[in-house]
Amino acid sequence: MLKKKIFDKYILITGGAGFIGSHLVKHFVNKYKNYFIVNLDKLTYASDLNYLSDIDENENYSFIEGDICDLKLLNNIFIKFPIKYIIHLAAESHVDNSIKNPLNFIHTNILGTVNLLEVAREKWANCSGQHLFYNISTDEVYGSLGKDGFFTENSSYLPNSPYSASKASADHFIRAYGKTYDFPYIISNCSNNYGPHQHLEKLIPLTINCIRAKKNIPIYGKGDSVRDWIYVLDHIDAVDTVFHLGKTSETYNIGSNNEWTNLVLVNKICDLVDEKLGTKNSSNLISFVSDRPGHDKRYAIDSSKIIQELNWKPKHSMIKGLNLTIDWYLSQPPS
Ligand SMILES: NC(=O)c1ccc[n+]([C@@H]2O[C@H](COP(=O)([O-])OP(=O)(O)OC[C@H]3O[C@@H](n4cnc5c(N)ncnc54)[C@H](O)[C@@H]3O)[C@@H](O)[C@H]2O)c1
């Protein structure tokens, strides 16, 4: 009789069919054959299971379509698999959508997170050994910076959009569980990610797609908002580092020290795409539109804690990351 294989760690990754989640799931499934990865995703418009087709048959991987707000389903997952680790990414992630429909964000990002916390708290209450709830959060919880300074792990939470308020609220619940129930958690707050698999609603893929289709490239306000960009695989590497080496009850900021105004970034993408496609002057497609309400002016992350304490550092320069990203989008069928 065949013996059922036992794995060293059973990890529930939520939101693993989305942009960052799909890279993370593939990374863990391929790198850690001794870990079993359960990917729970509701498959909203932002997800794409095709990104995971090459790991579908792996013996250390299982996909479950479902909602983190479904308590019964979460309970069943914990009954079926001996989950001791959760890496939580499932979320509504687009700020503009949160302005149009905040309730969706409250539902998934806050209630969904608290559901997961409740199930894990109950299941882990009388278990021995190590457990961890690792929350993938955003630097947007800190609000907006002026011209100078950086967000550190001690910066106050001052979220400005319904999206960032919902992520901040989830972070607060997780910390509160840590204090109240001695619940084992880590939170990392990362800057703006870019790379393959990101939904076309986000600035970099939107720009590449508009250039390709020779459509106007919309830029909010004067395009002078500053974002601190990180290539998605550098974020994945940081999550792997924090998961294995981070201390429970701690927060880690993750960024690439890589600030660009939206206008300079979009112009750079125009130049790179023009070079690759042999087109000219795509920056003429830039079209300024009314600013987003409550638009944060500047984000910038101080990552010295994760660099010094956990020995992580980003490996992709913006130009290298942009080239990889543009090449990937241009290799996809036009949408
Ligand atoms: N993209 C960034 O720049 C960035 C930066 C820092 C932190 N984050 C955080 O990282 C996480 C992932 O971000 P992303 O950019 O990959 O988002 P995404 O929108 O690309 O993916 C989110 C995934 O969550 C799934 N999902 C949504 N609601 C769900 C629910 N109720 N139950 C189960 N699954 C659900 C979606 O189907 C999708 O696959 C989010 O928590 C986000 O706040 C993102």
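You'll find the structure just up there.
Given the structure is predicted, the values throughout are model-derived calculations rather than measurements. (Residues numbered from 1 in each chain as written. Predicted model: local features only at pLDDT ≥ 70, side-chain atom pairs only at ≥ 80, totals over all residues.)

### Describing the environment of Glu201
Point 1. By secondary structure assignment, the location of Glu201 is in the loop between strand 7 (192-194) and helix 6 (203-213).
Point 2. Given 14 C-beta atoms within a 10 Å radius, Glu201 is considered partly exposed.
Point 3. In this structure, the C-alpha to C-alpha distance between Glu201 and Asp96, residues 105 residues apart in sequence, is 9.4 Å.
Point 4. Once residues within four sequence positions are removed from consideration, Glu201 is found in contact with His94 and Leu206. (Helix = DSSP H or I, 4+ residues; strand = E, 2+ residues; numbered from the N terminus. Buried ≥ 20, exposed ≤ 12 C-beta atoms within 10 Å, placed from the backbone. Contact = placed C-beta atoms within 7 Å.)

### Section: the sheet that holds strand 5 (residues 132-138)
Point 1. Taken together, the seven strands give an open sheet; going across it, the order is 3-2-1-4-5-6-10, and neighbouring strands pair in parallel fashion. Because the sheet does not close on itself, it has two edges, and the strands there are strand 3 (61-65) and strand 10 (250-254). Strand-to-strand twist of the sheet, defined as the mean angle between neighbouring strand axes without regard to direction, takes the value 15 degrees.
Point 2. Of the pairings in the sheet, the one linking strand 2 (residues 35-41) to strand 3 comprises five bridges and is parallel in character. Following the sheet pairing, Asp41 is matched in strand 3 by Glu65.
Point 3. Along the sheet, helix 1 (residues 19-31) makes contact with strand 1 (9-14), strand 2, strand 3, strand 4 (85-88) and strand 5, crossing strand 2 at roughly 160 degrees. (Pairing = 2+ DSSP bridges. Axes fitted to C-alpha atoms, helices over the stretch in contact; angles between N-to-C directions.)

### Notes on the sheet that holds strand 11 (residues 259-261)
Point 1. Strand order across the open sheet formed by three strands is 7-9-11, with mixed pairing between neighbours. The sheet is open, and its two borders are formed by strand 7 and strand 11, each paired with just one other strand. Direction aside, neighbouring strands of the sheet carry axes that sit 50 degrees apart on average.
Point 2. Examined bridge by bridge, strand 7 and strand 9 (residues 226-231) share three bridges and lie parallel to one another. From the neighbouring strand, Tyr194 faces strand 9, where its bridge partner is Tyr231.

### Remarks on unusual backbone geometry
Point 1. Here His197, not a glycine, exhibits a phi torsion of approximately 80 degrees, which is positive.
Point 2. By the secondary structure assignment, His197 is in the loop between strand 7 and helix 6.
Point 3. Classification of His197 by C-beta neighbours within 10 Å gives buried; the count is 24.

### Quick look at the nonpolar core
Point 1. Core analysis: the biggest nonpolar cluster contains 81 residues, and Leu24, Ile37, Ile87, Phe133 and Ile269 have the highest contact counts within it.
Point 2. With sequence-adjacent residues up to four places away left out, Ile87 is seen in contact with Ile11, Ile13, Leu24, Tyr134, Ile136, Val239 and Phe243. (Core = buried A, V, L, I, M, F, W, Y, C linked by C-beta atoms within 7 Å.)

### Structural notes on the packing of helix 2 (residues 71-80) against helix 4 (residues 102-124)
Point 1. Put simply, helix 2 and helix 4 touch, their axes get as near as 10 Å, and they point 35 degrees apart. By crossing handedness, the relation of helix 2 to helix 4 is classed as right-handed. On helix 4, the residues touching Leu71, Leu74, Asn75 and Phe78 of helix 2 are Asn115, Leu116, Val119 and Lys123. (Left-handed = near helix turned anticlockwise from the far one by under 90°.)

### Brief notes about helix 5 (residues 162-181)
Point 1. Over its 20 residues, helix 5 extends 28 Å from the first C-alpha to the last, a length consistent with the 28 Å expected when each residue adds 1.5 Å.
Point 2. Along helix 5, the residues that are buried comprise Pro162, Tyr163, Ser164, Ala165, Ser166, Lys167, Ala168, Ser169, Ala170, Asp171, Ile174 and Tyr177.
Point 3. Taken from the residues just after helix 5, Asp182 is the one with a positive phi, measuring 60 degrees. (Expected span 1.5 Å × (residues − 1).)

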